[in-house]
Amino acid sequence: MRILVIGAGGLVGKAAAAALGMRHEVIEASRSGAVAVDLADPETIPPMFESVGAVDAIVSCTGTVPFKPLAELSLGDFRSGFEDKVLGQVALVQLGVDYVRDGGSFTLTSGILAREPILTGAAASLTNGALESFVMAAAAELPRGLRINAVSPTVLEDATGYHDYFPGFSRVSSESLGQAYVKSVEGVQTGQTYAVD
Ligand SMILES: NC(=O)c1ccc[n+]([C@@H]2O[C@H](COP(=O)([O-])OP(=O)(O)OC[C@H]3O[C@@H](n4cnc5c(N)ncnc54)[C@H](OP(=O)(O)O)[C@@H]3O)[C@@H](O)[C@H]2O)c1
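What counts as what
- Residue positions are given per chain, counting from 1 as you read along its sequence in written order.
- Only residues with pLDDT of 70 or above have their local features reported here, since the model is predicted, and side-chain atom pairs are shown and tallied only from 80 upward, although totals for entire chains, interfaces and linings are computed over all residues.
- By convention in this description, side-chain values take in all heavy atoms of the structure and omit both hydrogens and water.
- UniProt positions are given in the numbering used here, feature names are shortened, and annotations may be inferred rather than shown by experiment.
- Runs of E in the DSSP output that reach at least two residues are strands. Runs of H or I that reach at least four are helices, and both are numbered from the N terminus.
- In this description, a nonpolar core means a group of buried Ala, Val, Leu, Ile, Met, Phe, Trp, Tyr and Cys residues linked to one another through side-chain atoms lying within 4.5 Å.
- For each residue, the accessible area found with a 1.4 Å probe, counting protein chains only, is set against the maximum for its type, and the residue is called buried under 20%, exposed over 50%, and partly exposed in between.
- Here, two residues are considered to be in contact whenever any of their heavy atoms come within 4.5 Å of each other.
- Two strands qualify as a pair provided that DSSP identifies no fewer than 2 bridges between them.
- For crossovers, right-handed means that the path from the first strand over the helix to the second runs clockwise, given strands pointing away from the viewer.
- Here a residue is considered near a molecule or strand provided that any single heavy atom belonging to it is located within 4 Å of it.
- Each polar contact in these results corresponds to two N or O atoms within 3.5 Å; when the atoms are within protein, one needs to be able to donate a hydrogen and the other to accept it, and residues that are neighboring in sequence are counted only if both atoms are side-chain atoms.
- Only the protein chains shown count as covering a residue, and every accessible area follows the Shrake-Rupley method with a 1.4 Å probe.
- To obtain each axis, a line is fitted to C-alpha atoms, and for helices this fit is confined to the stretch in contact; angles are then taken between N-to-C directions over 0 to 180 degrees.
- Should the near helix be turned counterclockwise from the far one by less than a right angle, the crossing is left-handed, whereas a clockwise turn marks it as right-handed.
- For this scheme, ten residues count as nonpolar: Ala, Val, Leu, Ile, Met, Phe, Trp, Tyr, Cys and Pro. Four count as charged, namely Asp, Glu, Lys and Arg, and the remainder, Gly too, count as polar.
- Residues are said to line a cavity or pocket when one of their atoms sits within 4 Å of a point; the points come from a 1 Å grid over protein atoms alone, cavities being sets where a 1.4 Å probe fits but cannot get out and pockets being open sets with protein on both sides within 12 Å along at least five of seven lines.
- Grid points are joined across faces, edges and corners, and a volume is the space filled by probe spheres set on the points.

As named in an unreviewed UniProt entry, the chain is Short-chain dehydrogenase, taken from Sinomonas humi. UniProt, in its Sequence similarities (unreviewed entry) section for the chain, records the words "Belongs to the short-chain dehydrogenases/reductases (SDR) family."

Written out as structure tokens, the structure is:
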């Protein structure tokens, strides 16, 4: 398969790209990558697809959300997280449909905060929950046998900077996380959220 991975240079994206790259061609894209795209700026998405051409799968491992105590989270903070992580990935799906071959797939990235809270995580929980609901609903309307799933990881073993914010949470290895992306891309399910924890 030919697979476009957005955010392949990040902690999650590296895990996805390494696992998928064992059997498939992986094309990496990000704001600073050779294939450039900024999901927070949807106007950059069509030029990316024009340069990459048709693919069998699109995997997104991006999304920046503010972490602050609830009392300090402004509506602007919620909005920025929603626009970056949710609408960025939604735009990727809507603009990407015509570039994914029949029977292909989208895999988005949400996170454990959709189902378990941490202090300072309200905006992240909101975005992750919204993405997982979007995936459930979009699956019913995608044409040509296209599938869509979300991967929803707990904190990575390698994400040491986050560990103090996730006390007592299980941590996942990059190898285990990568397999969730393989399951989504090579499997048959759609509308699913694959919890990895
Ligand atoms: N790390 C974890 O333990 C963990 C756990 C659960 C969920 N998640 C979720 O997984 C996602 C990725 O997290 P991460 O820890 O891997 O982040 P990261 O290490 O900061 O990597 C983010 C990657 O995405 C690219 N990127 C960022 N913003 C982008 C944009 N607007 N458009 C295109 N590419 C963009 C970055 O490259 P450029 O700078 O070149 O754009 C980078 O390659 C986030 O949604 C996060 O909430 C992470």
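After that view, the rundown keeps rolling.
Student: Looking at this structure, how should I read the environment of Leu-39?
Tutor: Within the secondary structure, Leu-39 sits in the loop between β3 (35-36) and α2 (45-52). Here the alpha-carbon distance between Leu-39 and Thr-62, two residues 23 residues apart in the chain, equals 8.2 Å.

Student: How do you make sense of the nonpolar core when you look at a structure like this?
Tutor: For soluble globular proteins, the rule of thumb is that nonpolar side chains tend to be buried together. One finds Leu-20, Val-59, Leu-177 and Tyr-181 to be the most contacted residues of the largest nonpolar core, which totals 33 residues. Put simply, the parts of the chain that give this core at least two residues each are β1 (2-6), α1 (11-21), β4 (55-60), α4 (122-138) and α5 (174-186). Per element, the largest residue contribution to this core is six residues, and it comes from α1. If sequence neighbours within four positions are ignored, Tyr-181 has contacts with Val-12, Ala-16, Leu-20, Val-59, Cys-61, Thr-107, Thr-109 and Val-151.

Student: In this structure, what is going on with the pairing of β4? I would like to understand it.
Tutor: Counting buried positions over the six residues of β4 gives five, a clear majority of the element. As paired strands, β4 and strand β5 (residues 100-109) are joined by four bridges and run parallel to one another. Counted as the bridge partner of Val-59 is Thr-107 from β5. Running through helix α3 (residues 75-96), the crossover from β4 to the neighbouring parallel element β5 is right-handed.

Student: Would you mind showing me how to read the site of the ligand here?
Tutor: Taken together, 25 residues surround the ligand, and among them Val-12, Ser-30, Arg-31, Ser-32 and Thr-62 come closest. A distance of 3.1 Å separates an oxygen atom of the ligand from a polar atom in the backbone of Leu-11. The side chain of Ser-30 places a nitrogen or oxygen atom 2.7 Å from an oxygen atom of the ligand. Contact with the protein chains removes 81% of the 890 Å² of surface that the ligand exposes when unbound.

Student: Is there a simple way to explain the packing of α1 against α5 in this structure?
Tutor: Between two packed helices, what matters for the description is the angle formed by their axes and the separation of those axes. For the pair α1 and α5, interaxial distance at closest approach is 8 Å and the crossing angle is 65°. α5 is crossed by α1, and the crossing has right-handed handedness. In contact with Val-12, Ala-15, Ala-16, Ala-19 and Leu-20 of α1, α5 contributes Ser-174, Leu-177, Gly-178, Gln-179, Tyr-181, Val-182 and Val-185. Of the residues belonging to the contact of α1 with α5, the class tally is nine nonpolar, three polar and no charged.

Student: Where do I start with the layout of surface pockets in this structure?
Tutor: Any space left empty among the atoms is revealed by the rolling of a water-sized probe across them. Computed from the structure, the largest pocket encloses a volume of approximately 1,000 Å³. Along the walls of the largest pocket sit 40 residues, with Cys-61, Thr-62, Gly-63, Thr-64 and Tyr-162 positioned nearest its centre. When residues of the lining of the largest pocket are traced back to their parent elements, those giving at least two are α1, α3 and α4. Its residues placed into classes, the lining of the largest pocket shows 20 nonpolar, 16 polar and four charged.

Student: Sorry, what's going on with the pairing of β5 here?
Tutor: The two faces of the sheet receive side chains in turn, since in a regular strand these alternate between them. β5 sits mainly inside the fold: seven of its ten residues count as buried. The pairing of β5 with strand β6 (residues 147-153) spans five bridges and is classified as parallel. Across the sheet, Thr-109 pairs through a bridge with Val-151, a residue of β6.

Student: Help me out: how do you make sense of the sheet that holds β3 in this one?
Tutor: Hydrogen bonds between backbone atoms are what pair the strands of a sheet, whose relative direction is either parallel or antiparallel. Read from one edge of the open sheet, seven strands run β3-β2-β1-β4-β5-β6-β7, paired in parallel fashion. Strands at the two margins of the open sheet, each flanked by one partner only, are β3 and β7 (193-196). Each of β1, β2 (25-30), β3 and β4 touches α2; the most contacted strand, β1, lies at about 150° to it. Against the sheet, α4 touches β5, β6 and β7, its axis set at about 160° to β6.

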